[in-house]
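Spelled out, the chains give:
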Amino acid sequence: MKKIFFLAVIGIFAMAGCNQPKQKEPQKEIIIDGQIAEVPTWAKEVVWYQIFPERFRNGDPTNDPRPQDIEGCYPGFVPEGWAVTPWTHDWYKDDPWFPETEGGKDFTGNPITNFGQKSQLRRYGGDLQGVFDQLDYLDSLGVTAIYFNPLNDAPSLHKYDARHWRHIDRNFGPDPDRDIEIMAAEEPANIKTWQMTTADSMFVALVGEMHQRGMKVIMDFSWNHTGHTCWAWKDVVEKGEMSEFKDWYWVESFDDPGTPENEFKYHGWFGVFDLPEIRETQFADHSGGIKVMEGDIYNPAAKEHIMNVTRRWLDPNGDGDPSDGVDGFRLDVAAEIPLGFWRDYRKEVRKINPDAYLIGEVWWEAWPDKLLDPKPFLQGDVFDAVMNYRWYRAARHFFNQSPDEIPVSEFVDSLKRFASNLPEASNYAMMNLTASHDAPRVSTSLYNKNMYKTHAKPADDPNYKINKPDDETYEILKMLLAQQFSYVGAPHIWAGDEMGMWGADDPSTRKPLIWTDYEFETETTHPDGLERPADDVEFNHSLFDIYRNFIALRKANPVLSNGELEYLVVDDEKKSLAYSRFDGQDEIIAVFNNSDQMQKLAIPLKQDKQYRDILNALAVNQAGQKLDIKIPPHSCAWLAAGK
């Protein structure tokens with residue numbers, strides 16, 4: 001797509017063959033204020049694609065970040081020789097300015113010594129124009145919903161450290177200098193002074209184009225904290241107890257100008273210096289584990305500011321028609337914010353757009369073993385769904401024997417337990433993800449047989465494999481994808497996984513995408529100077545076709561999105577699993593052989609129709625409403641009725 005200018009625009013189980021009883025009925029819908037708290041029906045029908053804007057594509061080099069744009073990001077200084085990193089750079093190879101960080105210290109006085117610290121200063125110039133340029137690519141893949149990581153104006157690469165919640169990052173739009181001028185002319189606490197920057201207008205136009213292509217769009221926000229370059233926080237630092245925003249944040253003590261010491265202390269998110277926390281009505285110490293809490297945002301003006309930002313992106317032109325706005329929000333560290341706030345937030349969002357989707361990041365209760373039960377957030381009054389980390393950890397454990405082997409029955413029991421205490425609509429609207437900006441790429445995760453997200457990068461484990469995964473890994477990945485795209489919930493793709501990208505945990509899950517029109521340097525560098533295989537970095541067309549096929553099959557078979565679920569074969573001895581997705585008209589049976597041997601399975605059928613394998617064209621022997629299939633080791637099939 002040619003460059004688009006917006007400078008003038010003002011206004012985004014048991015034995016084989018046994019019929020298992022249907023899983024325990026999930027909790028029914030909750031009635032609130034006399035109405036059903038409905039989950040948007042579209043949420044179960046989409047295929048998600050997650051975009052991390054800074055690493056998606058550099059469509060406009062003229063808006064690339066400059067040193068002044070990233071001031072305040074980690075580690076707290078910008079090297080004199082700093083420059084944008086070439087898109088095709090060998091990932092672990094030093095940038096020319098890396099040596100300038102040696103001997104430096106970060107915000108909290110820690111010396112800058114390792115790749116992870118230095119790489120936080122990297123910028124590649126990804127922007128909204130880059131997304132515009134690849135809309136045809138997204139269409140060709142077939143995805144139907146886009147989840148944008150934070151687009152806030154912020155100095156970091158990740159944008160969770162907002163300078164301005166209300167604006168798109170200056171370097172994502174066409175005219176950073178003009179946007180700086182516009183923001184400087186506003187009174188951030190006074191919505192009447194808010195304007196649209198060129199980046200804001202470009203994003204609204206991008207949302208409109210995505211809607212025209214049948215894609216839903218959600219934004220990522222963290223109402224738990226801002227960055228330390230946020231206008232409100234800077235006012236607190238400057239004025240101390242005289243600041244009108246002092247109660248927006250968890251300030252423990254202000255500086256006493258009469259003493260030589262600096263007594264100014266505050267709570268940053270999990271102690272992170274540059275992410276000062278928004279104050280709630282009660283303090284919760286999450287250092288020993290995340291506990292769900294009641295309460296609200298302490299300062300009414302801070303809460304209203306959040307609501308105003310939310311309204312801005314749900315209905316950008318404020319005309320009462322939300323069709324020009326985003327279709328919902330992914331809410332970061334949602335379990336660390338009081339339920340009372342979230343209830344009010346849902347009401348406000350649904351008031352503007354009754355079909356908006358709210359999804360929470362509800363992840364760890366206690367790292368690295370215990371994941372949080374999302375039930376308190378899925379009672380109809382808070383979120384529609386959560387990011388389904390529990391599904392992925394269990395599926396990875398089963399298909400990949402990571403960190404050890406588990407029987408089929410244990411895997412199935414886990415899936416039943418996860419669904420048993422949640423409303424059915426929320427189970428169907430889950431975002432079933434295999435990787436994200438916060439976890440290793442799925443291929444690398446499967447390539448390493450470690451516990452989920454534990455010691456998942458070289459800094460934590462020097463033996464962690466960072467090279468291109470082997471063929472066995474991609475065979476396991478195919479089985480995992482077959483389960484992801486046939487299971488209850490909406491499949492999610494972390495941008496680049498479909499390209500064949502590999503990468504360890506943060507920061508290496510955030511490599512720039514490997515577009516076909518770029519020629520990348522061969523990866524030869526290990527961050528610790530160790531030996532590693534040399535890997536050519538190239539787009540994996542065969543893997544892309546596998547993803548595209550799964551998406552096309554899910555779209556062509558709505559029963560995979562809307563159908564009921566029943567387990568048909570749960571065979572620990574044969575290490576085989578089969579379940580049915582069915583309704584009154586159609587049935588697709590997903591079959592998996594996780595063993596090292598060919599397995600013959602007998603499967604009961606619900607439809608009096610001929611069945612065939614629409615995945616791999618495996619032969620079947622059907623007699624009435626019973627089917628026999630021989631399925632090869634570590635492979636899968638989708639048996640479709642009358643297809």
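Here a ring pair, both rings aromatic, is described through the centre-centre distance and the interplanar angle of the planes. All told, the structure shown has 57 aromatic pairs when counted by the stated rule. Judged by centre distance (5.9 Å) and plane angle (55 degrees), the ring pair of F221 and F329 falls under tilted. With F221 in strand β7 (residues 216-221) and F329 in strand β10 (residues 328-331), the pair connects residues that are 108 residues apart, well separated along the chain. Of the two residues, F221 and F329, neither departs from the other in class, the shared state being buried. Over the ring of Y298 we find R279; its NZ or CZ atom is 3.8 Å from the centre of that ring. Sitting above the plane of the Y447 ring, K465 keeps its charged end 4.1 Å from the centroid.

Pairing between side chains becomes possible if they bear opposite charge and their charged atoms approach one another. Counted according to the given criterion, the structure contains 45 salt bridges. A salt bridge links K478 to E475; the shortest N-O distance between them is 3.1 Å. In this pair, K478 and E475 both sit in helix α13 (residues 471-484), three residues apart, roughly one turn of the helix. A relative accessible area of 31% places K478 in the partly exposed class. We classify E475 as partly exposed; its relative accessible area is 39%.

The eight strands lie next to each other as β14-β11-β10-β7-β4-β3-β16-β15, forming an open sheet whose pairing is parallel. Taken across any chain shown, the strands that pair with only one partner, and hence form the sheet edges, are β14 (385-386) and β15 (431-432). Examined bridge by bridge, β15 and strand β16 (residues 490-494) share two bridges and lie parallel to one another. Paired with M431 across the bridge in β16 is A490.

The next subject is the nonpolar core. One finds Y49, L138, W223, F329, W342, Y345 and W638 to be the most contacted residues of the largest nonpolar core, which totals 175 residues. Of all hydrophobic cores here, the second largest spans 15 residues; its members include I589, L601, I603 and L605.

Counted residue by residue, strand β18 (residues 576-582) has seven buried out of seven residues, so it is predominantly covered. As defined by bridge partners, strand β17 (residues 564-571) adjoins β18 across seven bridges and the pair is classed as antiparallel. Directly across from L565, in β18, lies its bridge partner R581. A loop of four residues connects β17 with β18, the two strands running antiparallel in sequence, and K575 in this loop sits at a positive phi of about 55 degrees. Judged from the seven bridges that link them, β18 and strand β19 (residues 587-593) form a sheet pairing that is antiparallel. Each residue of the ladder has a partner; that of Y579, found in β19, is A590. Hairpin remark: β18 followed by β19, antiparallel, with four residues in the connecting loop.

Empty space among the atoms can be located by rolling a probe the size of a water molecule over them. Empty space within the largest cavity amounts to approximately 140 Å³. If you go around the largest cavity, you meet 15 residues; those closest to its centre are K511, I514, F520, E523 and V537. A per-class count over the lining of the largest cavity returns nine nonpolar, two polar and four charged.

Here S443 is to be found in helix α12 (residues 442-447). If we skip the residues at most four places from it in the chain, S443 touches P469, T473, Y474, M501 and W502.

Where like charges cluster on the molecular surface, the negative patch consists of D470, D471, E472 and D596. Classification of D470 by relative accessible area gives partly exposed; the value is 33%.

Pairing is antiparallel in the open sheet, where five strands are placed in the order β17-β18-β19-β24-β21. Pairing within the sheet leaves two strands with one partner each, and these edge strands are β17 and β21 (611-613). In this sheet, adjacent strand axes meet at a mean angle of 20 degrees when their direction is disregarded. Taken together, the three bridges between β21 and strand β24 (residues 635-641) define a ladder with antiparallel strand orientation.

Cis geometry is found at the peptide bond from W367 to P368, where omega equals 10 degrees. Notably, K159 is not glycine yet its phi reads approximately 75 degrees, a positive angle. Along the chain, K159 turns up in the loop between β5 (152-153) and β6 (164-168). Of the residues examined, K159 reaches a relative accessible area of 4% and is grouped as buried. For V333, which is not a glycine, the phi torsion comes out positive at approximately 35 degrees. Mapped onto the elements, V333 comes out in the loop between β10 and α8 (339-352).

The rules behind these values
- Residues numbered from 1 in each chain as written.
- Predicted model: local features only at pLDDT ≥ 70, side-chain atom pairs only at ≥ 80, totals over all residues.
- Heavy atoms only, no water.
- Phe/Tyr/Trp six-rings, centres within 6.5 Å; stacked < 30°, edge-to-face > 60°.
- Helix = DSSP H or I, 4+ residues; strand = E, 2+ residues; numbered from the N terminus.
- Buried < 20%, exposed > 50% of the residue type's maximum accessible area, 1.4 Å probe, protein only.
- Lys NZ or Arg CZ within 6 Å of the ring centre and 35° of its normal.
- Salt bridge = Lys/Arg side-chain N within 4 Å of Asp/Glu carboxyl O.
- Pairing = 2+ DSSP bridges.
- Core = buried A, V, L, I, M, F, W, Y, C linked by side-chain atoms within 4.5 Å.
- 1 Å grid on protein atoms, 1.4 Å probe; cavity = no way out; pocket = protein on both sides within 12 Å on 5 of 7 lines; lining within 4 Å.
- Points joined across faces, edges and corners; volume = space filled by probe spheres on them.
- Nonpolar A, V, L, I, M, F, W, Y, C, P; charged D, E, K, R; others polar.
- Contact = heavy atoms within 4.5 Å.
- Patch = residues over 30% accessible without salt bridge, like charges linked within 9 Å, V, L, I, M, F, W, Y side chains within 5 Å.
- Areas by Shrake-Rupley, 256 points an atom, 1.4 Å probe, with all protein chains shown as cover.
- Lys, Arg positive; Asp, Glu negative; His and termini not counted.
- Charge placed at Lys NZ, Arg CZ, Asp CG, Glu CD.
- Axes fitted to C-alpha atoms, helices over the stretch in contact; angles between N-to-C directions.

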